[in-house]
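What follows is the residue order along each chain.
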Amino acid sequence: MPEKEDLPPKNIKNNPKIMKAWALYDWANSVYSLVITSTIFPIYYSILTTASEKSEYVAETGQWIKVPVRHMISIFGKEYQPDAIYGYSLTISFLIVVLLSPFLSSLADTIGNKKSFLQFFCYLGSTSCMGLAMFTGMENVFLGLLFSITASVGFWGSLVFYNSFLPDIATPDKQDALSAKGYVYGYLGSVVLVIICLVLIQVFAKNAEEAKTYTRISFLLTGAWWFVFAQYTFKHLPQFGNIKEQLPKDLVLLNYKNIFKKHEEQGGFWEVLKDNFHFYLDIARQSFRELFKVGKTLFADRNLKFFLSSFFFYSVGMQTIFLMATLFGKSEINLEQDRLIMVLLLIQIEAIIGALIFSRLSRRIGNKNVITIAIALWIVACLSAFYLNKENPNVEYQFYGIAAIIGLVMGGLQAMSRSTYSKLLPENSMDNTTYFSFYDVLEKIAIIIGTFIFATMIEQYHNMRFAALSMTLFFAIGLILIRFLKLKSNNKAAV
């Protein structure tokens, strides 16, 4: 492995071609977030795990309503609600990401081949999206869930390395604009593909079976979109391949060509394998040791302690509801597929508007008060979801009202959380990347806990309303903790 291989060019900082290539990865991979996580796949999963629809007469309204009857999923002889199993699969995927992220970040920094890791997770995610096309019914539901998990790991795993490129390719004065550019590319790309998929499913499909076929084609298109558009990114992003001296003599586990060598000069294959094992083990120990060290440093600061604690609790509710909202609309309200997707698209647009509104509001009343208002609105949304009654003839419009609240506060709270955290960090610190890595891991742990509790509540009560209600507890704790935050009038942290 040559020492000078794939060194980054000298003019890497603020290079227009490199920055464009970086931003276009958002265009490539954001289709996963909208098509697979938020809209089409959860609806498809709900349809395939629904055995039939029964009609129930509502005496109060004098109307008949359709109620879905779900297939149960059997695991080791015990039967589970399909929505609960979907929630548990999200828990597993984020658990894998949390365990891998610190280790992989350290490994990439040590070996210096971030682009190779980015490519690996991109290909894992994109091919897994295409693999979802093989999910055709209850007979292979576990295959669908497996590809759902690996697609999630691919998406979030690739973001670890994608985000770490930002300070490498742009100076601080350019990073905000470049990050926003990537976000806009991602939003536009995902909306374009969702519209294409909707046309296939809603217009070209003549019946329910054809709609399922075109849905599976949508999964193929999502994976292909991610795979193909990422090639421009991989072509122009530098490799950062300056290999350091402390590496093993032969990287067997990261170079498939080396596996078939005899490694006689290094003492044989097994000696090299042992050397590799200790190398990776040391990196794993160092990465988690560093993570705990950073957490201890951050929580030693009073403001950061209360903010991060609040952030963790309200993230449990916010991220879990965002991930499970589609299944809620389908399972609890039995909303038609086209209306549900349209609502989710409008939520995406409203989230951008909400971020702008909350950003302006923060200049008048401060970040702490804006976050307080956002959390309070989340509590209102959860309580309203609990009191939804599918027998109510206006339940669909009530659901739209809840979706409007969620869309408004989702973007606003996420944007305010990130900017508040940034303002609380030490100024001119060289450890900002490490601090935000901890912030990201904390958010993922919140998702793990949230999705697990949500899924368990579904299994316990056989509906999502109690699961939504349980999230109010986490929002309430987050609301109390954020009030202990002390900020000066200029929004800088008080000592």
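Quick note: structure is the one above.
Treat the numbers as computed from the prediction; the structure is a model and nothing was measured.

## Observations concerning the overall build of the protein
- Scanning the protein for helices and strands turns up 16 helices and 4 strands.
- A total of 495 residues make up the protein; the buried ones form 51% of that total.
- Pairs at least 24 apart in sequence give 78% of the contacts found in the protein among residues at least 6 apart.
- Here the protein displays about 23,600 Å² of accessible surface, and carbon together with sulfur accounts for 61% of that area.

## A short note on the pattern of salt bridges
- Taken as a whole and assessed by the stated rule, the structure comprises 6 salt bridges.
- Ionic pairing is found between E209 and K212, a salt bridge with its closest N-O pair at 3.5 Å. In this pair, E209 and K212 both sit in helix α8 (residues 208-236), 3 residues apart, roughly one turn of the helix.
- Residue classification places K212 among the partly exposed residues on the basis of a relative accessible area of 22%.
- As a salt-bridge pair, R339 and E396 come within 2.8 Å of each other at their nearest N and O atoms. Placement of the pair is R339 in helix α12 (residues 337-365) and E396 in helix α14 (residues 395-424), with a sequence separation of 57 residues.

## So, helix α2 (residues 40-48)
- With 8 of its 9 residues buried, α2 lies for the most part within the structure.
- Burial in α2 covers these residues: I40, F41, P42, I43, Y44, Y45, S46 and L48.

## A few points about the layout of surface pockets
- In this structure, the second largest pocket occupies an estimated 990 Å³ of space.
- Along the wall of the second largest pocket there are 38 residues; nearest its centre are E53, K330, N334, L335 and E336.
- Mapped by element, the contributors of at least two residues to the lining of the second largest pocket are α2, β1 (50-58), β2 (63-70), α7 (172-204), α8, α11 (302-331), α12 and α14.
- A total of 6 residues in the lining of the second largest pocket trace back to one element, the largest contributor, which is β2.
- Class assignment for the residues of the lining of the second largest pocket results in 16 nonpolar, 10 polar and 12 charged.

## Observations concerning the nonpolar core
- Counting residues in each nonpolar core, the largest one holds 138 residues, and the members touching the most others are Y45, F307 and F475.
- Not counting residues up to four positions away in its chain, the partners in contact with F307 are Y314, I371, S417, T420, Y421, L424, Y439, I482 and L485.

## Brief notes about the packing of aromatic side chains
- Considering all chains together, one arrives at 42 aromatic pairs under this definition.
- Relative to Y314, the ring of F311 has its centre 5.8 Å away and its plane inclined at 85 degrees; by these criteria the two rings are edge-to-face. On the criterion of helical spacing, the pair formed by F311 and Y314 is a turn pair, its members being 3 residues apart in helix α11. Each member of the pair, F311 as well as Y314, is classed as buried.

## Section: the side chain of R216
- Of note, R216 is situated in helix α8.
- Here R216 is buried and forms no salt bridge, its nearest opposite-charge partner E209 lying at an N-O distance of 5.7 Å.
- Looking at R216, its side chain comes within polar contact range of the side chain of Y44, at 2.8 Å.
- For R216, the contacting residues outside a window of four places in its chain are Y44, A133, F135 and T136.

## Some words on the packing of helix α13 (residues 367-386) against α14
- Contact geometry of α13 with α14 gives a least axis separation of 9 Å together with a crossing angle of 150 degrees. Of the possible angle classes, the one that applies to α13 and α14 is roughly antiparallel. Both α13 and α14 take part in a crossing whose hand is left-handed. Along the contact surface, α13 presents N367, V370, I371, A374, I375, L377, W378, V380, A381, S384 and A385, while α14 presents I402, I405, I406, V409, M410, L413, M416, S419, T420 and K423.
- Classifying every residue of the contact of α13 with α14 gives 16 nonpolar, 4 polar and 1 charged.

## Here's the deal with helix α10 (residues 269-299)
- With 31 residues, α10 should cover 45 Å at 1.5 Å per step; its first-to-last C-alpha distance of 45 Å lies within 8% of that length.
- Here α10 has its buried residues at V272, N276, F279, Y280, I283, S287, L291, V294, G295 and L298.

Reading the values: the criteria
- Residues numbered from 1 in each chain as written.
- Predicted model: local features only at pLDDT ≥ 70, side-chain atom pairs only at ≥ 80, totals over all residues.
- Heavy atoms only, no water.
- Helix = DSSP H or I, 4+ residues; strand = E, 2+ residues; numbered from the N terminus.
- Buried < 20%, exposed > 50% of the residue type's maximum accessible area, 1.4 Å probe, protein only.
- Contact = heavy atoms within 4.5 Å.
- Areas by Shrake-Rupley, 256 points an atom, 1.4 Å probe, with all protein chains shown as cover.
- Salt bridge = Lys/Arg side-chain N within 4 Å of Asp/Glu carboxyl O.
- 1 Å grid on protein atoms, 1.4 Å probe; cavity = no way out; pocket = protein on both sides within 12 Å on 5 of 7 lines; lining within 4 Å.
- Points joined across faces, edges and corners; volume = space filled by probe spheres on them.
- Nonpolar A, V, L, I, M, F, W, Y, C, P; charged D, E, K, R; others polar.
- Core = buried A, V, L, I, M, F, W, Y, C linked by side-chain atoms within 4.5 Å.
- Phe/Tyr/Trp six-rings, centres within 6.5 Å; stacked < 30°, edge-to-face > 60°.
- Lys, Arg positive; Asp, Glu negative; His and termini not counted.
- Polar contact = N/O pair within 3.5 Å; in protein donor to acceptor, adjacent residues only side chain to side chain.
- Axes fitted to C-alpha atoms, helices over the stretch in contact; angles between N-to-C directions.
- Parallel < 35°, antiparallel > 145°, perpendicular 65-115°, else oblique.
- Left-handed = near helix turned anticlockwise from the far one by under 90°.
- Expected span 1.5 Å × (residues − 1).

Remember that the coordinates give geometry; whether it matters functionally is a separate question.
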